[in-house]
Amino acid sequence: MFSAAQAQGGSSFMPLLLIVLLFGVMYVMMIRPQQKRRREAQAMQSALGPGDEIVTIGGLHATVVAIDDDVVTVEISPGVTARYARPAIARVLKQEPVAEEPIEAPVAEEPIQSPVVETRKNND
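Residues numbered from 1 in each chain as written. Predicted model: local features only at pLDDT ≥ 70, side-chain atom pairs only at ≥ 80, totals over all residues. Heavy atoms only, no water.

A.B. asks: Account for the overall build of the chain, with residues named and values stated.
C.D. replies: Scanning the chain from terminus to terminus reveals 2 helices and 5 strands. The secondary structure elements of the chain, listed N-terminal to C-terminal, are α-β-β-β-β-β-α. Out of the 124 residues in the chain, the part that is buried amounts to 14%. Here the chain displays about 10500 Å² of accessible surface, and carbon together with sulfur accounts for 60% of that area. (Helix = DSSP H or I, 4+ residues; strand = E, 2+ residues; numbered from the N terminus. Buried < 20%, exposed > 50% of the residue type's maximum accessible area, 1.4 Å probe, protein only. Areas by Shrake-Rupley, 256 points an atom, 1.4 Å probe, with all protein chains shown as cover.)

A.B. asks: Describe the sheet that holds strand β3 (residues 71-77), and please don't skip the residues or the numbers.
C.D. replies: If you trace the 5 strands from one edge of the open sheet to the other, you get β4-β3-β2-β1-β5, paired in antiparallel fashion. The sheet terminates laterally at β4 (80-85) and β5 (89-94), the two strands that pair on one side only. Put simply, the sheet's adjacent strands are angled 45° from each other on average, direction ignored. Across 3 bridges, strand β1 (residues 53-56) lies against strand β2 (residues 61-67) in antiparallel orientation. Opposite Val-55, over in β2, you have His-61 as the bridge partner. (Pairing = 2+ DSSP bridges. Axes fitted to C-alpha atoms, helices over the stretch in contact; angles between N-to-C directions.)

A.B. asks: Any chance you could break down the nonpolar core for me, citing the residues and the numbers?
C.D. replies: The tendency in soluble globular proteins is for nonpolar side chains to be buried as a group. Formed by Met-44, Leu-48, Ile-54, Ala-62, Val-64, Val-72, Val-74, Ala-82 and Ile-89, the largest nonpolar core amounts to 9 residues. Where this core is concerned, the elements lending two or more residues are β2 and β3. Residues contacting Leu-48, with those up to four places away along its chain left out, are Ile-54, Ile-67, Val-72, Ile-89 and Val-92. (Core = buried A, V, L, I, M, F, W, Y, C linked by side-chain atoms within 4.5 Å. Contact = heavy atoms within 4.5 Å.)

A.B. asks: Kindly report on the environment of Thr-73, identifying the contributing residues and their values.
C.D. replies: Mapped onto the fold, Thr-73 is located in strand β3. Thr-73 gets classed as buried once you look at its relative accessible area, which sits at 17%. Taking the C-alpha atoms as reference, Thr-73 lies 9.1 Å from Pro-50; in sequence the two are 23 residues apart. In contact with Thr-73, not counting residues within four places along its chain, are Thr-63, Val-64, Val-65, Ala-66, Thr-81, Ala-82 and Arg-83.

A.B. asks: Could you give me a rundown of the confidence of the model for the chain, with the residues and numbers involved?
C.D. replies: Residue-level pLDDT values for the chain average 80, and 69% of them are 70 or greater. Across the chain, the secondary-structure element scoring lowest on mean pLDDT is helix α2 (residues 115-123), at 56, and the one scoring highest is β4, at 94. (pLDDT = per-residue confidence, 0-100.)

Right, dumping it as structure tokens:
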């Protein structure tokens, strides 16, 4: 009788363990990747700026003209603008490069000649 009681107690633990294991697998396979995609989308939407070429969730290609808190104004064609909610931006095709100051190269007064070229000229 004692062995039957142990078997009964041990078997009630297995379904609980399987349920916990099932929730763990669901979290790793479904919930965690979805949270990662949501964070990436929020980062992309917060980095939007005027001049960026975007695609909306409806497939509309446009250029960002202005950005308010939750509203993005886009230019669909020359002179035609539309307002979209920021989460309606699916992806950014091309971001406007940040303007950097050009680096000025030093200007040489005399042309620089390679010593290899001069050596060859002298040997001829």
